Amino acid sequence: MTDFEYSLDVLILGGGAGGLGVALELPQGVSIGVLSKGALDQGATNWAQGGIAAAIGDDDSFASHIADTVNAGAGLNDPHVVRFAVEQGPAIIAWLESLDMEITRETEGPRRGLPHLTREGGHSHRRVVHAADATGRAVQACLERAVRARHDVRLFENHVAIDCINRPDPGTGRLRCVGVYALDCADGHVKLFRAKVVVLATGGASRVYLHTTNPPGATGDGIAMAWRAGCRVANMEFTQFHPSCLISDSRSVFLISEAVRGEGGHLLLPDGTRFMERFDARAELAPRDVVARAIDHEMKRFGIESVGLDISHRGADFIKSHFPTLHARCLEFGYDMTAGPVPVVPAAHYTCGGVMTDLAGRTDRDGLYAVGECTFTGLHGANRLASNSLLECLVFARAAGRDIAAHLGDIGTPGDIAPWDESWVRDSDEEVVLSHNWAELRRFMWDYVGIVRTTKRLERARHRADLLKAEIGDYYANFRVSQTLLELRNMADCADLIVRSALARHESRGLHYILDYPDPLPTGARDTVLDPAAGVSGEA
Ligand code: FAD
Ligand code: SIN
């Protein structure tokens, strides 16, 4: 073995809640590698704000959490999967407590010392366990601490996985994933990682949109890699647009947590009037698809660039203790949450669809698992309920870890694999093509595949996606790979999957709202399943 080649039992792509959750569930003695594009904490997990949903309140129940999840998901959720995830909520919180996660706790009353539960849109109860307004930072910190304490886990930060390597399994004759090629950003070389099992935990694809709450690395790499490796991908039309992202100088800058509305925040028009009651009886606490569409509608109606989000009536002490991070960050941009409304717009936030998996995180390809936001498990249906994502990440990460541990002994070490061959490529002399294509893709996705869609706009987007994919494919075949090129290639594949899925759904449901088909189909709600083997989209 050289510096250009590594051999591991389990290779995990992703250092967020999904990836680290898998690593921690694997037994000591297994050789584990965790790859991340930047530092481990640069994924969406570290950015999460509101919290983790778990039915642990005195008057709460699994039945209620299940009903809220299905209600938000517009009936497209898999009931079996919803129950599986919801019932593990309390155990996930207990596990995080055992890892010493920092959690905001009640300071008085009968629940003194127990987790404080906040409220978010679509939840009928206070159900969201949190660490003030920076829950993700606390989750990432406790998982990272535990992983870094394990000597059998090797961390490969600043490595960008390129593609899965599939080889026929001598026992079954079926194709099996036996590793990945990855670009080491420190020295610019592509390395070979051989592994008995590969886990995709690469997060979502919301960077395909111009306005997003997501970190730079959310370029859908795992979804695109799985698709290219022959795995089915489902429900990619359901991109969740979060209603409240702070806007400054016409740029979306960061998420303003739904917990702000949960704790009484109002959405306001420029004249100071509330408008959400006109759209839904639950007003600001309606599910996200409803709130985001209402804001989009009002912005278009009045020709305004944003709406106001105001929680100043709760008083400065409350705001500074519940939302210390948001308060400080808004001040950096010249907005004081304690004094009046801050300007917000909807922005792409979460990828509800992704790589199809079963309850143990297994994909269609032997040896390839997937967990976290890059997956489609069936939990979210047509719209994810707030704070169900971290829950999903951890439930499925732990299930995948257990399944891998149970089967690892039966899997042989991968045989010889050729190193990455760069003999036919040259250095790029046209980097400008990449930045131009990157900007164009995010713009047309925002304009044509956004909150409100039409068939005509989707077809325009499909045409542009086809052209971009051809151009990027040509670039990939001829030039040395860079992180920008790899991410652009993945974003183009994801954009194509989103557009094709949106065109295949002839109804409006949850996050997919299309003017040509304004109502949900009365019967037979179905997932949109794209199968690379079939080459066409179908529904199953
Ligand atoms: P991530 O945490 O995004 O991690 C992905 C990892 O994969 C990163 O380490 C990245 O470097 C790595 N990676 C990606 N591609 C490659 C590649 N090609 N090669 C190597 N490594 C790669 N959900 C909730 O439930 N509650 C909340 O309060 C909440 N708040 C949120 C607030 C914000 C601002 C955002 C953006 C999201 C929020 N979400 C929330 C959603 C939730 O944070 C994410 O869905 C979840 O953290 C995803 O975890 P993950 O492990 O799947 O991916
Ligand atoms: C938020 O804090 O509003 C984000 C919660 C989520 O995405 O689940």
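As a reminder, the structure under discussion sits directly above these lines.
Residues numbered from 1 in each chain as written. Chains lettered and ligands numbered in written order. Predicted model: local features only at pLDDT ≥ 70, side-chain atom pairs only at ≥ 80, totals over all residues. Heavy atoms only, no water.

1. Focus: the site of ligand 1
This is how it is decided: A molecule or strand has a residue near it when one of that residue's heavy atoms lies within 4 Å. Polar contact criterion, stated in full: a pair of N or O atoms within 3.5 Å, where within protein one must be able to donate a hydrogen and the other to accept it, and residues adjacent in sequence count only if both atoms are side-chain atoms. We get accessible surface area from the Shrake-Rupley algorithm with a probe of 1.4 Å; when it comes to residues, only the shown protein chains can shield them. The helix and strand labels rest on DSSP assignments: H or I over at least four residues marks a helix, E over at least two residues marks a strand, and numbering proceeds from the N terminus. When residue character is reported, Ala, Val, Leu, Ile, Met, Phe, Trp, Tyr, Cys and Pro are called nonpolar, Asp, Glu, Lys and Arg charged, and the others, Gly included, polar.
By nearness alone, 37 residues border ligand 1, and Thr45, Gly51, Glu373, Ser389 and Leu390 come closest of all. Residue glutamine 49 places a main-chain N or O atom 3.2 Å away from a nitrogen atom belonging to ligand 1. Alanine 161 has a polar backbone atom sitting 2.8 Å from a nitrogen atom of ligand 1. When isolated, ligand 1 has an accessible area of 1,000 Å², and the protein chains bury 97% of it. Elements with a contribution of two residues or more to the shell around ligand 1: α1 (17-25), β7 (159-168), β15 (342-351) and α11 (388-407). Split into classes, the residues belonging to the shell around ligand 1 amount to 13 nonpolar, 20 polar and four charged.

2. Some words on helix α13 (residues 455-478)
Using the following cut-off: Helix span, expected: 1.5 Å multiplied by one less than the number of residues in the helix. Working definition: with a 1.4 Å probe on protein chains only, accessible area under 20% of the residue-type maximum means buried, over 50% means exposed, and in between means partly exposed. Two residues form a contact once any of their heavy atoms are found within 4.5 Å.
Given a rise of 1.5 Å per residue, 24 residues ought to cover 34 Å, and the 35 Å separating the end C-alpha atoms of α13 matches this to within 8%. For α13, the complete set of buried residues consists of Leu458, Ala461, Ala465, Leu468, Ile472, Tyr475 and Tyr476. Elements in contact with the buried residues of α13: β7, α12 (431-448) and α14 (483-504).

3. Focus: empty space enclosed by the protein
We count it as follows: Detection works on a 1 Å grid of protein atoms alone, calling trapped sets that fit a 1.4 Å probe cavities and calling open sets with protein on both sides within 12 Å along at least five of seven lines pockets, with lining residues defined by an atom within 4 Å of a point. Grid points are joined across faces, edges and corners, and a volume is the space filled by probe spheres set on the points.
Tallied over the entire structure, the rule returns four cavities of 30 Å³ or more. Roughly 60 Å³ of volume is contained in the largest cavity. Around the largest cavity, the lining residues are Gln49, Gly50, Thr118, His130, Ala132, Asp133, Ser257, Ala259, His322 and Phe323. Looking at the lining of the largest cavity, its residues break down into three nonpolar, six polar and one charged. The volume enclosed by the second largest cavity comes to roughly 50 Å³. In this structure, the second largest cavity is lined by Phe241, Asp289, Ala292, Arg293, Ile451 and Leu511. A total of three residues in the lining of the second largest cavity trace back to one element, the largest contributor, which is helix α8 (residues 288-302).

4. Topic: the layout of surface pockets
Counted as a void, the second largest pocket has a volume near 380 Å³. Lining the second largest pocket are 20 residues, and of these Asp296, Met299, Lys300, Trp446 and Ile451 lie nearest its centre. Going through the elements one at a time, β11 (239-248), α8, β15 and α12 are the ones with two or more residues in the lining of the second largest pocket. Ranked by residues supplied to the lining of the second largest pocket, first place goes to α12 with four residues. Its residues assigned to classes, the lining of the second largest pocket shows ten nonpolar, four polar and six charged.

5. Quick look at the packing of aromatic side chains
Using the following cut-off: Only centres within 6.5 Å qualify two rings of Phe, Tyr or Trp (six-membered ring in Trp) as a pair; their planes then separate them into stacked at under 30 degrees, edge-to-face at over 60, and tilted for everything else. The rule for a charge over a ring is simple: NZ of Lys or CZ of Arg within 6 Å of the ring centre, and within 35 degrees of the ring normal.
For the structure on display, the rule yields eleven aromatic pairs. Ring centres of phenylalanine 254 and phenylalanine 333 lie 5.7 Å apart, and the angle between their planes is 55°; on these two criteria the pair is classed as tilted. One end of the pair, phenylalanine 254, is in strand β12 (residues 251-255); the other, phenylalanine 333, is in the loop between α10 (324-332) and β15, with 79 residues separating them in the sequence. Overall, phenylalanine 333 belongs to the partly exposed group, its relative accessible area being 28%. Among the aromatic residues, those joined into a ring-pair cluster are Tyr6, Phe156 and Phe193. Here arginine 384 stacks its cationic end above the ring of tyrosine 350, 4.1 Å away from the centre of that ring. Looking at arginine 460, its charged tip hangs above the ring of tyrosine 448, at a distance of 5.9 Å from the centre.

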